[in-house]
Amino acid sequence: MDRAATEAAHALTLEEGEFLPFSVAWPALRDGYLQWLQAHESTGARFEAAEVNHELALGALQLHGRLDRLDRQPDGSPLVIDYKTESATRTESRLKAGTEDTQLAFYALLTGHDTPRAAYLNVGERDPAKLHESPDITALAALLADGIQHDLARMAAGAPLPALGEGSACDWCAARGLCRKDFWSQP
Ligand code: SF4
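Conventions and cut-offs
Residues numbered from 1 in each chain as written. Predicted model: local features only at pLDDT ≥ 70, side-chain atom pairs only at ≥ 80, totals over all residues. Heavy atoms only, no water. Buried < 20%, exposed > 50% of the residue type's maximum accessible area, 1.4 Å probe, protein only. Helix = DSSP H or I, 4+ residues; strand = E, 2+ residues; numbered from the N terminus. Pairing = 2+ DSSP bridges. Salt bridge = Lys/Arg side-chain N within 4 Å of Asp/Glu carboxyl O. Near = heavy atom within 4 Å. Nonpolar A, V, L, I, M, F, W, Y, C, P; charged D, E, K, R; others polar. Phe/Tyr/Trp six-rings, centres within 6.5 Å; stacked < 30°, edge-to-face > 60°. Lys NZ or Arg CZ within 6 Å of the ring centre and 35° of its normal. Axes fitted to C-alpha atoms, helices over the stretch in contact; angles between N-to-C directions. Contact = heavy atoms within 4.5 Å. Polar contact = N/O pair within 3.5 Å; in protein donor to acceptor, adjacent residues only side chain to side chain.

Peer 1: Before we move on, could you go through the pairing of strand β3 (residues 78–84) and cite the residues and values that matter?
Peer 2: Most of β3 sits inside the fold, with six of its seven residues counted as buried. Direction of pairing for strand β2 (residues 61–72) relative to β3: antiparallel, over a ladder of four bridges. Each residue of the ladder has a partner; that of Asp71, found in β3, is Leu79. Between β2 and the antiparallel strand that follows it, β3, lie five residues; Gly76 among them carries a positive phi value of about 90 degrees. Note: β3 against strand β4 (residues 117–122), six bridges, orientation parallel. Bridged to Leu79 within β4 is Arg117.

Written as structure tokens, this is what we have:
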């Protein structure tokens, strides 16, 4: 087992047997990632921070978020990266969702930079790591900023909050049950 894998198993208090499925998948994932990293760094981009908290004042609001990874490009502008271990098709569908996919737009907004880049980095043992970059992130971040301010102003004015989430958004939502969507049907 690689030293990093041994340390991870130790940190997670896993027996060697429990780590076996991960250690089997690890070499392909590692090699695919390192191959991507070499090409990525050849563009001049450099890793800056991981699991980094960012805050941004937006009017009277304070936005908070934690970025998986922040790289710096040769011109000093940020490249926000979010790791995904799902299928590449699923990652591509996130970008196709445009304004419905708010994760990268929110992270780009948090950088406070005028022209950030933002991308999902798909990593896994089946395919080499691949960066899926949002082509419109500056526009999407601006739309999101407007949308957040608009929606919160409406909420403050007493607008009702129908349960609008769909599909897997509801599977991961901390408000499931509270919003009553599972017991609610549209007229
Ligand atoms: S569970 Fe409710 S609040 Fe959460 S995303 Fe779904 S509809 Fe929205």
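Peer 1: Could you give an account of the pattern of salt bridges, naming the residues involved and the relevant values?
Peer 2: Inspection of the entire model under this criterion finds nine salt bridges. Glu86 serves as the salt-bridge partner of Arg94, at 2.7 Å between the closest nitrogen and oxygen. Because the salt bridges share partners, they merge into one network encompassing Asp171, Arg176 and Asp182.

Peer 1: Could you give an account of the site of the ligand, naming the residues involved and the relevant values?
Peer 2: In the vicinity of the ligand, the contacting residues are Ala163, Gly165, Cys170, Cys173, Arg176, Cys179 and Lys181. Taken together, the residues of the shell around the ligand sort by class into four nonpolar, one polar and two charged.

Peer 1: So what's going on with the packing of aromatic side chains? Residues and values would help.
Peer 2: Scanning the model with the defined rule gives one aromatic pair in all. Taking NZ or CZ as reference, Arg94 lies 5.7 Å from the ring centre of Tyr120, over its face.

Peer 1: Talk me through the side chain of Thr111; I want residue IDs and the actual numbers.
Peer 2: When you line up the elements, Thr111 lands in helix α4 (residues 103–111). Classification of Thr111 as buried rests on a relative accessible area of 18%.

Peer 1: A description of the sheet that holds β2 should follow, citing residues and the corresponding values.
Peer 2: On the basis of which strands lie adjacent, the open sheet formed by five strands has the order β1-β2-β3-β4-β5 and mixed pairing. Whereas interior strands pair on both sides, the edge strands pair on one side only; in this sheet they are β1 (46–58) and β5 (130–133). On average, each strand axis in the sheet is tilted by 40 degrees relative to the strand beside it, whichever way the strands run. Along the sheet face, helix α2 (residues 20–41) touches β1, β2, β3, β4 and β5 and points at about 95 degrees away from the line of β2. Most of the contacts of helix α3 (residues 88–96) go to β5, to which it runs at about 20 degrees, and overall it touches β3, β4 and β5.

Peer 1: Account for unusual backbone geometry, naming residues and giving values.
Peer 2: Positive phi is not limited to glycine here, since Glu51 has a value of about 50 degrees. With respect to the helices and strands, the residue Glu51 is situated in strand β1. With phi around 70 degrees, Arg180 is a residue other than glycine that occupies positive phi space. Relative to the assigned elements, Arg180 resides in the segment after α6 (168–171).

Peer 1: Explain the side chain of His54 to me, and be specific about the residues and the numbers.
Peer 2: Structurally, the position occupied by His54 is in strand β1. At a separation of 3.4 Å, a polar atom in the side chain of His54 contacts the main-chain carbonyl oxygen of Leu110. With residues up to four places along the chain from it excluded, the contact list for His54 reads Leu63, His64, Gly65, Leu67, Leu70, Leu110 and Thr111.

Purely geometric stuff here, so don't read any function into it on its own.
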